[in-house]
Each structure stands twice: as C-alpha cells, then as structure tokens.
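Listed here are the chains, written in short residue letters.
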Amino acid sequence: MAKKYRREPMPPKMREAIDFALVIVGSFFVALAFNIFLLPNNIASGGVAGISTITKGVFGWEPGVVQWILNIPLFIIGVSILGKNFGIKSFVGTLLLPAFVILTSSLEPATPNPLLGAIFGGMGVGLGLGIVFRGRASTGGIDLAAQVLHKFTHFPLGISVAMLDGMIVLTSAIVFSVEEGLYALIGLFATSRTIDFVQVGFSTSKNVMIITEDVEKVRSAILHEIDRGVTVLSGAGGYTEKERQVIMCVVQQNEFIKLTQTVKVIDPGAFVVAMNASEVLGEGFKTS
C-alpha cells in the first residue's frame, strides 16, 4: 500500500491572510455579477442586493449606498441581539461589497436578455458568495436579518431566509412585473446551486457499506488493492438478530466499480449499499 503523508496544518496567520483574500475576491465577484447581469435587467433575486435593485428602479437611489445603509445596521443588530462574534472578516465583507458595487457601477451590461441575466447573474453571485463562505465569513445582509427572525419566531433558519427572500422577490414582481419576479426566482435558484458547487465541487465520493460473510478478506482487499481505509462497525440482522460486522469505506467515483468488483469476487453474496458523499474531509481526500 502506498505510504500516506500527512499534510502539515497551515500557519494561523497564513490562513487568516487567505481568508481575507477570499472575502475580497468573493465580494468583487458578487458586485460584478450584480452590476452587469442583475441590476440592468431589474432582477431582484433576494437579499440586500435585491432590495437595492428595487429602490433603484422606484427612487433611482444608488444601489451601493443603499446596501451600505442596510448592511451596517443589520450587522450591528446581529451582534447586539444575537450576541455572536461574527468576526472582522464578516465586517470587512459588509463594507467591501457595497464599495465594489459603487466602483463597478459604470460597467456596461453584459446582456439585455433577462433570462441570461438571471442565470449568469445568479451564478456570478453564487460564485462570489461561495468564495466568501470559503473564507469563513459573510457579506452580512439578509442572512443576519433571518437569524434575528429565527431567534424571535423560532422558525427554522432556512425558512426564515426563504421568507425574507420571498418577500423581496414578491415585491419585485409588484414593482417591475410578474415576469421579472419569475426571473428573480431563477436567479435565486442559480445562486443557491452555485454556492453548493463552490462548497463541495464537482467531485462526489461514495460512502459504501458492505455486509459480507468474509469480513477479513474484504477488509484486507480494500486496504491493499483499493488502497483505501475502512471502518468496521458492529451491527445486527433485523430479522435474524444475529450479530455481524459491517464494513464502511469511502472511495472516489473512479474507484467505486473496482471496489464492487473486488467485493463480488471475494463474496458474490455480499450486500453492498452506496451513498453519495459530497464533502469528505480527511487523509486521502480534502484536508481543509
């Protein structure tokens, strides 16, 4: 079996520097997508950015200024009411995003097509937010308001976010048009999916559970032929109530067929269950 080398942990100062860089880069991408895709097409796909799109359309107010006016009080309220240490990186994101919105406001729209604006704008915002989240920070805004709502109403946090974003999308449908409100929903969906992609990537590993009569042979084959670690769990048959061992192993997609073929050669009657594992941390996979 190939020798494994453990990666040394990153020095704290370097980790912090990278986090700040991610917050800066992510905030810039959010602002860029907002100004060249979403704002020109009146797509208010939730969040403080969505509110600023609506106020721009109704009153002509500068979106970056509106985002500052809303974000900073929300951050202060979040700190005072929720009593959490949101951290300096989140505060930097709260200040930087509106600043980048103002700095990129003179850029020409990328497309006059609202569908393309919703899709690529949502993806751009999701890319930026995902990068910011990778930096262990946030850009403030509606997420903080949702946490306050969650605290006082006890609604699930996901429902609280959906309610607030839904109100913004509904308002955009009233202010602009139902069609533009529907485009906003498309943008919101694209943002959500892209954040997921940035967080977990394309690669989906497999978490495999194996029930076999030849536990030792299968365990040894996985360790030495597949070159993957295993965990042996204690279980019991639901019908027979007979105690038996269950092998658990996480493999990459391209190793899954080799694993199942290896198991079937050893024990053709083995029971194998595979589940997607989108995020795997540890030796042989991601380390951070």
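Rules used throughout
- Residues numbered from 1 in each chain as written.
- Predicted model: local features only at pLDDT ≥ 70, side-chain atom pairs only at ≥ 80, totals over all residues.
- Heavy atoms only, no water.
- Helix = DSSP H or I, 4+ residues; strand = E, 2+ residues; numbered from the N terminus.
- Buried < 20%, exposed > 50% of the residue type's maximum accessible area, 1.4 Å probe, protein only.
- Contact = heavy atoms within 4.5 Å.
- Areas by Shrake-Rupley, 256 points an atom, 1.4 Å probe, with all protein chains shown as cover.
- 1 Å grid on protein atoms, 1.4 Å probe; cavity = no way out; pocket = protein on both sides within 12 Å on 5 of 7 lines; lining within 4 Å.
- Points joined across faces, edges and corners; volume = space filled by probe spheres on them.
- Nonpolar A, V, L, I, M, F, W, Y, C, P; charged D, E, K, R; others polar.
- Patch = residues over 30% accessible without salt bridge, like charges linked within 9 Å, V, L, I, M, F, W, Y side chains within 5 Å.
- Salt bridge = Lys/Arg side-chain N within 4 Å of Asp/Glu carboxyl O.
- Axes fitted to C-alpha atoms, helices over the stretch in contact; angles between N-to-C directions.
- Left-handed = near helix turned anticlockwise from the far one by under 90°.
- Core = buried A, V, L, I, M, F, W, Y, C linked by side-chain atoms within 4.5 Å.
- Pairing = 2+ DSSP bridges.
- Expected span 1.5 Å × (residues − 1).

Here we look at the overall build of the chain
Then step 1. From N to C terminus, the chain includes 10 helices and four strands.
Then step 2. The secondary structure elements of the chain, listed N-terminal to C-terminal, are α-α-α-α-α-α-α-α-β-α-β-β-α-β.
Then step 3. Sorting the 288 residues of the chain into buried and exposed places 41% on the buried side.
Then step 4. Here the analysis covers contacts within the chain between residues at least 6 apart in sequence; of these, 74% occur between residues at least 24 apart.
Then step 5. Accessible surface, the chain as shown: approximately 15800 Å² in total, 65% of it carbon and sulfur.

Here's the deal with the layout of surface pockets
Sizing a probe to match a water molecule and rolling it over the atoms shows the empty space that remains.
Then step 1. In this structure, the largest pocket occupies an estimated 610 Å³ of space.
Then step 2. Lining the largest pocket are 31 residues, with Gly46, Gly47, Val125, Leu129 and Thr191 positioned closest to its centre.
Then step 3. Of all the elements in the fold, those that place two or more residues in the lining of the largest pocket are α1 (12-38), α2 (47-59), α3 (63-82), α4 (87-103), α5 (114-134), α6 (142-153), α7 (157-175) and α8 (178-200).
Then step 4. Looking at the lining of the largest pocket, its residues break down into 16 nonpolar, 12 polar and three charged.

Overview of a nonpolar patch on the surface
Then step 1. Together, Val58, Phe59, Trp61, Leu170, Ile174 and Val175 make up an exposed nonpolar region whose accessible area comes to about 630 Å².
Then step 2. Among the elements that line the nonpolar patch, the one with the most residues is α7, at three residues.
Then step 3. With respect to the secondary-structure elements, Trp61 resides in the loop between α2 and α3.

What to know about the packing of helix α9 (residues 215-226) against helix α10 (residues 253-266)
Then step 1. Between α9 and α10, the shortest axis-to-axis distance is 10 Å and the interhelical angle comes to 145°. Seen from above, α9 lies across α10 with right-handed handedness. Touching Lys217, Val218, Ala221, Ile222, Glu225 and Ile226 of α9 are Glu255, Lys258, Leu259, Thr262, Val263 and Ile266, all from α10.
Then step 2. Split by residue class, the contact of α9 with α10 holds seven nonpolar, one polar and four charged.

Describing the nonpolar core
Then step 1. If you look at the biggest cluster of nonpolar residues, it comprises 17 residues, and the most contacted ones within it are Ile43 and Val125.
Then step 2. Among the secondary structure elements, those contributing two or more residues to this core are α1, α4, α5 and α8.
Then step 3. Looking at this core element by element, the count peaks at five residues for α1.

A look at the environment of Lys264
Then step 1. One can find Lys264 in helix α10.
Then step 2. With relative accessibility at 37%, the residue Lys264 sits in the partly exposed group.

Digging into the pairing of strand β1 (residues 205-211)
Then step 1. The buried fraction of β1 amounts to six of the seven residues, a majority that puts the element mostly inside the structure.
Then step 2. Across seven bridges, the pairing between β1 and strand β4 (residues 271-277) is antiparallel. For Val208, the partnering residue across the bridge sits in β4 and is Ala274.
Then step 3. The pairing of β1 with strand β3 (residues 243-251) spans six bridges and is classified as antiparallel. Paired with Ile211 across the strands is Val246, a residue of β3.

Quick word on α8
Then step 1. Between its first and last C-alpha atoms α8 spans 34 Å; for 23 residues at 1.5 Å apiece the expected length is 33 Å, and the two agree.
Then step 2. Restricting attention to buried positions, one finds in α8 the residues Glu180, Gly181, Tyr183, Ala184, Gly187, Ala190, Thr191, Thr194, Ile195 and Val198.

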